[in-house]
Amino acid sequence: MRATSRITAGILAGLLFAALPAPAVQAAPTQPGPDRAPNVSVAPDRNADPILEGTPRRPSRDVGKVKKQQRSLKAAAATTLPTFDRDGYEPKVLQPVAYPYREEGAPVDDPGLHDEHGVRMFSFGGQIWDHPVAQAQWGLKNITSYLNHGDQLYLDRAIANAQRNLDRKVESRGAWWYPYDFDLTRCAGRPVLLAPWYSGMAQGQLLSLFVRLHEITQDQKWREAADKTYATLTMGPDPAGPWASWVDTGDRVWLEEYPESPGTVGERVFNGHIFAIYGVYDYWRITSDPEVAALFDGAITTIRQYLPNHLRNLRWASNYSVGCQNPHLKYHVIHTEQMLKLYEMTHNSLHATNSYLLRSDYPDPGVSGTVRFEAGTHVGYTFNSSGDITGSKSLTLASASSAPADQRIRVIGRNMYYRITAGAFAGYLVPETVGQRVLLGKVQEQKYTPNLMLNVAPGTYTGYAYDSAGNVIGSKTITFPAASGAPLGATAFVNGRLSYQPTAGSYVGYWLPHVTGLSFS
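Since the structure is predicted, the reported quantities are computational estimates derived from the model, not experimental observations.

J.: Tell me about the pairing of strand 20 (residues 459-466), residues and numbers included.
T.: Here strand 20 runs beside strand 21 (residues 472-480); their pairing, made up of 8 bridges, is antiparallel. Pairing of tyrosine 464 across the sheet is with serine 475, part of strand 21.

Right, dumping it as structure tokens:
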């Protein structure tokens, strides 16, 4: 039996929920919330971390001895990757502001753990450890801030984090590898990664950092580092040495975040694979090498083949990896953004469509705004981790009102809900229903560069112009006797409705709500 309370009130038009007497707030469920996983955050954290998805342990073997053995493997022992599938994706030239990793810069004050040299570090077991991915990401953020502001502080920090990895590198088979010196346990059924282990994600992100430093400083040291690091992504697995790429039994090439050694297979991690692709793309930018473009093509072909059947979960968050079939909200949001970036890098609309579908399955819930409630009866809910209702509250309004919300979130097995933060429904989720309850304004926008094509079937369509608060300030209705189209610059949820934004033609300045007859390609 579910707990239910009911409040009936006649409320004057425009009266905010926050002005009502505060009701008793129902205790939150003891189980994890609608995203199901206790280790998933809805905070806008986009820093993928291979350690947070496992459990670090002190090394179980002599790391120095293993590195010495790996360094003894000379370039003549290197093997190349077997032949892999390629769809024909071609890298496109981007404007520098659109390069991967240019979205987020570093603050002046470093809030994370670092050593006296400004190098990002990781702590566990009473000791601090080097963390190649964290150092690469911190270096790239500092590059962005340097390009944005010109402050030498940022460039010095980027160089310090890059240099740390050069100082620690293991040169094996003629290439440079950047080790993790602690063991890492993964999800159930996966072997422990034994130190020193190496990550394709780290190799790819450091490759991006070395390329950017070479472009900025013109120092050949960074070009050599890029050359030697890229070489690691072209080698086949070696049970006796470090490796980061492999071709699976379906002829798909993986830039492997978690290579399992001794052995020649990996977990096939989606986000880490794509972050490594960014490094391949950056290296292609400075080389124009057709062999680099071929690896770029093959790695993206792998995504096209695996995403629909192994990673995507209809109406829920995508899986973290092929080997660990665990939906993960944080990484689902990262996947969604990565697919949009791959569209920019290839101009192939399939990747924009995949980003659109992933957003439809589980859009980034971290939004804020005002929910408008029309006159009538409304019900707020609490849920457990299985999507079962654990509590509800009913409220009848004589006229329209509004309340603040801080999430637009899918509840598992259900549709979209808004989390209300003040007033009678504080702490409750209310269902999104056009005509009854909508979040005003534009949220969860995807911009398409280059523009996609909005396809318009014969029929009548109405577009709307909005102010920043979501108020309708204009509309335009047009009847199309024949099929038409227009360049599509963005899609978003506007006043609760999926909407399209043309960038040319009759609807410039208007958003077209999705209806039958509208599609994009």
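J.: Can you lay out helix 2 (residues 132-149) for me, pointing to particular residues and giving the numbers?
T.: Taking 1.5 Å of rise per residue, 18 residues should cover 26 Å, and helix 2 covers 25 Å from first to last C-alpha, within 8% of that figure. Two residues or fewer after helix 2 comes glycine 150, characterised by a positive phi angle close to 75°.

J.: Describe the pattern of salt bridges, with residues and values.
T.: Scanning all chains against the criterion turns up 25 salt bridges. The salt bridge involving glutamate 260 is made with arginine 190; its shortest N-O contact spans 2.7 Å. A residue pair is termed long-range when its members are at least 10 positions apart, and glutamate 260 in strand 10 (residues 259-260) and arginine 190 in the loop between strand 7 (183-185) and helix 4 (200-217) qualify at 70 residues. In this structure, the salt-bridge partner of aspartate 248 is arginine 268, at a minimum N-O distance of 3.4 Å. Of the two residues, aspartate 248 sits in the loop between strand 8 (245-247) and strand 9 (253-255) while arginine 268 sits in the loop between strand 11 (265-266) and helix 6 (270-287), which places them 20 residues apart along the sequence. For aspartate 248, a relative accessible area of 6% gives the class buried. Residues joined in a network through salt bridges with shared partners are Lys67, Asp115, Asp130, Arg164, Arg168 and Asp181.

J.: Give me the lowdown on the sheet that holds strand 19 (residues 442-456), citing residues and values where you can.
T.: Here we have 5 strands laid out as an open sheet, ordered 24-23-22-19-25, and antiparallel in their pairing. This sheet does not close on itself; its edge strands, each paired only once, are strand 24 (512-513) and strand 25 (518-520). In terms of strand pairing, strand 19 meets strand 22 (residues 484-494) through 9 bridges, oriented antiparallel. Among the inter-strand pairings, glutamine 446 is bridged to a residue of strand 22, identified as threonine 491. Each of strand 19, strand 22, strand 23 (497-502) and strand 25 touches helix 9 (residues 349-361); the most contacted strand, strand 19, lies at about 145° to it.

Thresholds, definitions, all that
- Residues numbered from 1 in each chain as written.
- Predicted model: local features only at pLDDT ≥ 70, side-chain atom pairs only at ≥ 80, totals over all residues.
- Heavy atoms only, no water.
- Pairing = 2+ DSSP bridges.
- Helix = DSSP H or I, 4+ residues; strand = E, 2+ residues; numbered from the N terminus.
- Expected span 1.5 Å × (residues − 1).
- Salt bridge = Lys/Arg side-chain N within 4 Å of Asp/Glu carboxyl O.
- Buried < 20%, exposed > 50% of the residue type's maximum accessible area, 1.4 Å probe, protein only.
- Contact = heavy atoms within 4.5 Å.
- Axes fitted to C-alpha atoms, helices over the stretch in contact; angles between N-to-C directions.

Any functional reading would require information beyond the geometric quantities listed.
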